[in-house]
Amino acid sequence: MRRLPHPANWPLTVAVPLLVAGLMAAVASGVSWIVLARLEEDQGAYLRQLAATHLDGLAVALQPHLIRQDVWEAFDVLDRTSRRDGGIAARFAAARFALVTLPDGSVLAASDPLAFPVGAPLPAVLRPRLEAPDELVIDEPGRLAWSRRRVEAGGVPLGTVLVEMDIGGLLDVRRHALTTLVAINAGLTLTLAALGYALVRRLLRPIRVLDAYVERIRTGRVEPIPARFIAGEGSEFGRLFRRFNAMAEALAEREALAARLAAEEKLALLGRLASGMAHEVNNPLGGMLMALDTLKHHGDDPGIRSQSAGLVERGLKGIGAVVRAALLAYKEAPGVIGLTPEDLDDVRHLALHDIQRRRLRLVWKNDLPGWVGVDGAAVRQMALNLLLNASRASPVGGEVRLEANVGDDGHLRLTVRDQGPGLPAEMADVLRAKGGAVSPGARGLGLWTIARLLEWAGGSVEIAGEPEGGTAITLVLPVVEDAALERRPQDAAA
Amino acid sequence: MPARTQAPCIARERGWNRRRVLGSLCAAGASLAAPPVRAQTMFRFGLTPVFLDSDARLLGALERHLTARLTQPVALVQRRTYQEITTLLLAGQLDAAWICGFPFVQYRDQLSLVAVPVYHGRPLYQSYLIANARETATDVEGLRGGVHAFSDPDSNSGFLVTRYELAMRRETPASFFRRFFFTYGHRNVVRAVASGLAQSGSVDGYVWEVMAEVEPELVANTRVVRRSEWLGFPPVACLTAREDAPALRAFGAALTSMRDHPDGCEVLDMLRLDGFQTAPRTLFNPITAMHDFVRTHA
């Protein structure tokens, strides 16, 4: 069973009609109470007056017979009075019986002689009515009232007239008034609550429209509120709707602009990718051409032939790896690519052409413990790019070092050192900014590729100047224990 | 009093209406020709509460009938008690009065009979001792210790008969009943007994019978415990000294010829009487005997 929400959270369409109904009920109760109290008061006064009039007549008529204690005449008066059609008065408070007693408390005569025999003492239940200080005693639960009047002659008490009245009629009038009041008030309350519900529902309709269109924005559909809704609303909601539409329009424009920018960015990225790919393909190309040249001149030597063919094969494999890496990277190919020490050693062959061309000494310190849970393709490409950059930066005959190991902190550390004049600041920025870097221009394309790959791999970069000159760039990459490599972020795929 | 006029009387009444118009015209002519009649020439007829009620229609018909039969206007005089009417009659302030048999025998040496009503073919009636229908009494003794309603201390059927019954038992109303009172009307006795105000009452049998016909609901609450012997019906009497006056003779004729005239017929039908007749004084001997017995044994 659902719990009822806190009243503060009730919808206005429920809360307002309930409030109206509650207020109406409170007002109606108050008014009904006042009306009934007033009615009761009036009825009491009416009954008092009615009884007084009745008793006045009886007392005057009975006095001479009381003096003579004339049973018949006293009875005749009571009997005729009780038989008289009381009209409206009798309907509201009909006399049930009237009797007249002598000062000794015995009954002289009664309109109902069988109940009150002549000369008998007044029944004990009625004796208090005779001695009541007030002339009128009302017993509401019993629907009865008694009024009494002492009859005297020259100060001498002659007797007392007692009338018992059935006030059921009066009480019925009061009950009828109560039911009428309750019925009318309930009807009014329900009607007002229904009206309140309809009114609040109508008043809140613009809010519901606004809510629906705001919800559409949240789900990515920016739509203005149609003119037919705006036309139906008054000044406040009309203004609100127009403002919403202006806002929605601005939002739509911004989104369109952003989409255009994204498209442009995509094209730019494609351009960079193409040039990066060309660069990556070009890198082993030199080595392979040299190997072919060597074959041409010294192909007879089986050792050299074998070595050169191996070089070409590795170069082609490298190109294949680059293409595969690009495909994997840019087509978001899923799967795990580990890195083995051999995979990394491949990079040496790819870079050897440039190294040798500049007569550099390559110090290769591959300390990988075996299979490492990183994106091997990415690491290879990054390593290759760093080596090529380092060989370009180093003076002829200089030294380039590569160190790779997995540290105690579980990260793969790949450091490439050169003896060049140092990494220009803007190139360092490209590296540090990772994928968010601005277009680097043709020169920094290798570093930009590194930056993007680094970001995808979730790694970081440390750039340090060497004490004896040169630069050391260290890539730090997290190693995942299992094979599940993190997926490349979506924006990088664009 | 919802007494119905009988069919034969309606036919006669129509004929009478024509004659009455002519008669009225003649009377009007006579009154124009002669000087206005003085008040002392008015015939004054006293009525006691032996009548069922002071019914205006009854009195109107009676007055019309008498006025038409007599040569002088008739005034109907009503009083609350028998005694008042009797006193007026004895004092000569009434020409005649419909009194009870009891006052007649009380003042028999001063009064003479003008006419006696005929009820069920005879100038006789009974006194009833009635009780409330709830009472179980089957005889007079069963009413001992109760509240008793008498009609009038000067009524034969409403007082003397019961008093005689009690005197025969060496009782008086005060010793026999716990309480008794006078209602000054036979109908009131029936009301008192029917309502339970009194357990028993002494009432004119003729009145009770007529009421049983006219007000059956009221009479149904009463029950006759004992019927007296047949006694002389309350008579119309006058002072013996005026017995032979022409007006009284004409008055007596008007009474005895009532059945022959529409208004008289209406009166008789309302009273459920056959008519009036002359009767000897001896008709009231039984009442005289009761009166004498009560007086000597009081």
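Here, the structure is the one placed above.
A brief look at the structure comes next. None of these values were measured; they are calculated from a predicted model.

### Re the overall build of chain A
Next, step 1: When helices and strands are tallied, chain A shows 13 helices and ten strands.
Next, step 2: In chain A, buried positions account for 29% of the 494 residues.

### Some thoughts on the sheet that holds strand β2 (residues 74–78) of chain B
Residues and elements named next belong to chain B.
Next, step 1: Read from one edge to the other, the open sheet built from six strands follows the order β2-β1-β3-β12-β4-β13, with strand pairing classed as mixed. With partners counted over all chains shown, the strands left at the sheet margins are β2 and β13 (275–277), one partner each. Strand-to-strand twist in this sheet, taken as the mean axis angle between neighbours without regard to direction, amounts to 25°.
Next, step 2: In the packing of helix α2 (residues 56–69) onto the sheet, contacts are made with β1 (43–47) and β2, and the angle to β2 comes to roughly 145°.
Next, step 3: This element, helix α10 (residues 246–256), spans β1, β3 (96–98), β4 (111–118), β12 (236–239) and β13 of the sheet and lies at about 15° to β4.

### Focus: the interface of chain A and chain B
Next, step 1: The partner chain B presents twelve residues to the ten residues of chain A that form the contact.
Next, step 2: Here the side of chain A that touches chain B gets four residues from one element, more than from any other, and that element is helix α2 (residues 71–83) of chain A.
Next, step 3: Taken together, the residues that form the side of chain A that touches chain B break down as seven nonpolar, one polar and two charged.

### So, the sheet that holds strand β9 (residues 460–465) of chain A
Residues and elements named next belong to chain A.
Next, step 1: The sheet built from five strands is open, its strands ordered β6-β7-β8-β10-β9 with mixed pairing. The open sheet is flanked by β6 (361–366) and β9, the only strands paired with a single partner. Geometrically, the sheet is characterised by an average inter-axis angle of 10° between neighbouring strands, direction not taken into account.
Next, step 2: With six bridges joining them, β9 and strand β10 (residues 471–478) adopt antiparallel strand pairing. For Val 461, the partnering residue across the bridge sits in β10 and is Leu 475.

### Comments concerning the packing of helix α7 (residues 186–195) of chain B against helix α8 (residues 205–214) of chain B
All names here are of chain B.
Next, step 1: One can describe the packing of α7 onto α8 by two numbers: an axis separation of 9 Å at closest approach and a directional angle of 65°. Taken as axis vectors, α7 and α8 run roughly perpendicular relative to one another. Note on packing geometry: the crossing formed by α7 with α8 is right-handed. Residue-level contacts link His 186, Arg 187 and Val 190 of α7 to Val 207, Trp 208 and Met 211 of α8.
Next, step 2: Looking at the contact of α7 with α8, its residues break down into four nonpolar, one polar and one charged.

### A closer look at helix α11 (residues 425–432) of chain A
Next, step 1: For α11(A), the complete set of buried residues consists of Met427(A), Val430(A) and Leu431(A). For α11(A), the buried positions fall inside an angular range of 100° around the axis, keeping them on one side.

### Focus on α10(B)
Residue and element names in this part refer to chain B.
Next, step 1: Among all positions in α10, only Phe 251, Ala 254 and Leu 255 are buried. Projected down its long axis, α10 carries its buried residues within an arc of 95°, all on one side. Pointing more than 90 degrees away from the buried face of α10 are the exposed residues Pro 246 and Arg 249.
Next, step 2: For α10, the elements touching its buried residues are β1, α2, β3, β4, β12 and β13.

### Quick notes on the nonpolar core
Next, step 1: Counting 115 residues, the largest nonpolar core has Ala74(A), Ala109(A) and Ala237(B) as its most contacted members.
Next, step 2: Broken down by element, this core gets its largest block of residues, seven residues, from helix α1 (residues 12–68) of chain A.
Next, step 3: Here Ala109(A) is in contact with Val71(A), Ala74(A), Phe75(A), Leu78(A), Val100(A), Val118(A) and Leu197(B), once residues within four sequence places are set aside.

Reading guide: rules and limits
- Residues numbered from 1 in each chain as written.
- Chains lettered and ligands numbered in written order.
- Predicted model: local features only at pLDDT ≥ 70, side-chain atom pairs only at ≥ 80, totals over all residues.
- Helix = DSSP H or I, 4+ residues; strand = E, 2+ residues; numbered from the N terminus.
- Buried ≥ 20, exposed ≤ 12 C-beta atoms within 10 Å, placed from the backbone.
- Pairing = 2+ DSSP bridges.
- Axes fitted to C-alpha atoms, helices over the stretch in contact; angles between N-to-C directions.
- Contact = placed C-beta atoms within 7 Å.
- Nonpolar A, V, L, I, M, F, W, Y, C, P; charged D, E, K, R; others polar.
- Parallel < 35°, antiparallel > 145°, perpendicular 65-115°, else oblique.
- Left-handed = near helix turned anticlockwise from the far one by under 90°.
- Arc of directions from axis to C-beta.
- Core = buried A, V, L, I, M, F, W, Y, C linked by C-beta atoms within 7 Å.

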